[in-house]
Amino acid sequence: MSDIEARLKSVIRDVPDFPKPGIVFKDITPVLASAALLTEVTEHYADRYRGKVDAVVGMESRGFIFGTPIALSLGAAFVPARKPGKLPYQRITEEYALEYGTASLDLHVDAIRPGQRVLIVDDLIATGGTAAATARLVERLGGVVVGMAFVIELTFLPGRQAVSPHQVDSIVRY
Ligand code: AMP
């Protein structure tokens, strides 16, 4: 295990049966409580993607928290992918499957310009449905997904396969 993975694992909190029975929720708020750890996560991804990214797309809500400082550090745009009913201007929508039912995310139609290189950022990849839908939104606007960066990857779920052929980067693996 890398040092950064060990430091993050020592603070990420497991909350059993949240938001429903059988789910072990990975609570990242202790990471946010440490300016040093949040800086480490930000610099880890900024170093990896420096010079390769025009825009960072973060998914509501925790993708905003991690994606914005990475975008700032890269000198890239930050673009929010939002839940329905939140974005005020013209938008496109992609649906994705949840365990029960569906969810969807929106992007503003002018959020990404054709040919822009995009890094997708969220706190955690589980089944990959959220990230795959975000990649479809980016590609519908002509963007090029250069990577997907997560703090946490649940390796017992097929997230990597679900977003293939996109590249998945994670720091903490369970
Ligand atoms: P998925 O689309 O299945 O990859 O789920 C990813 C999204 O759901 C991310 O935005 C995560 O924040 C959230 N999520 C899924 N499973 C968990 C979990 N066990 N703990 C915390 N967040 C989760």
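Quick note: structure is the one above.
Parameters at a glance
- Residues numbered from 1 in each chain as written.
- Predicted model: local features only at pLDDT ≥ 70, side-chain atom pairs only at ≥ 80, totals over all residues.
- Heavy atoms only, no water.
- Near = heavy atom within 4 Å.
- Polar contact = N/O pair within 3.5 Å; in protein donor to acceptor, adjacent residues only side chain to side chain.
- Areas by Shrake-Rupley, 256 points an atom, 1.4 Å probe, with all protein chains shown as cover.
- Helix = DSSP H or I, 4+ residues; strand = E, 2+ residues; numbered from the N terminus.
- Nonpolar A, V, L, I, M, F, W, Y, C, P; charged D, E, K, R; others polar.
- Pairing = 2+ DSSP bridges.
- Axes fitted to C-alpha atoms, helices over the stretch in contact; angles between N-to-C directions.
- Buried < 20%, exposed > 50% of the residue type's maximum accessible area, 1.4 Å probe, protein only.
- Contact = heavy atoms within 4.5 Å.

A.B. asks: Describe the site of the ligand, and please don't skip the residues or the numbers.
C.D. replies: The immediate surroundings of the ligand are formed by 14 residues, with Asp122, Asp123, Thr127, Gly128 and Thr130 found nearest. At 2.9 Å from a nitrogen atom of the ligand is found a main-chain nitrogen or oxygen belonging to Lys26. Here an oxygen atom of the ligand and a backbone polar atom of Gly128 are 2.7 Å apart. Contact with the protein chains removes 81% of the 490 Å² of surface that the ligand exposes when unbound. Secondary structure elements with two or more residues in the shell around the ligand: strand 2 (24–27), strand 7 (117–125) and helix 5 (129–140). Tallying contributions element by element places strand 7 first for the shell around the ligand, with four residues. Classifying every residue of the shell around the ligand gives six nonpolar, four polar and four charged.

A.B. asks: Talk me through the sheet that holds strand 7; I want residue IDs and the actual numbers.
C.D. replies: Pairing within the open sheet is parallel, and its five strands lie in the order 4-3-7-8-9. Bordering the open sheet on either side are strand 4 (77–81) and strand 9 (168–173), each of which pairs with just one other strand. Averaged over all pairs of adjacent strands, the angle between strand axes in this sheet comes to 20 degrees, irrespective of strand direction. The pairing of strand 3 (residues 55–59) with strand 4 spans five bridges and is parallel. Pairing of Met59 across the sheet is with Ala81, part of strand 4.

A.B. asks: Can you tell me about the environment of Asp106, naming the residues and giving the values?
C.D. replies: The topology assignment puts Asp106 in strand 6 (residues 102–108). For Asp106, a relative accessible area of 4% corresponds to the buried category. Residues Asp106 and Ala132, spaced 26 residues apart in sequence, show a C-alpha to C-alpha distance of 13 Å. If sequence neighbours within four positions are ignored, Asp106 has contacts with Pro80, Ala81, Arg82, Lys83, Pro84, Gly85, Leu87, Arg91, Ile92, Thr93 and Leu137. Separated by 2.8 Å, the side chains of Asp106 and Thr93 make a polar contact.

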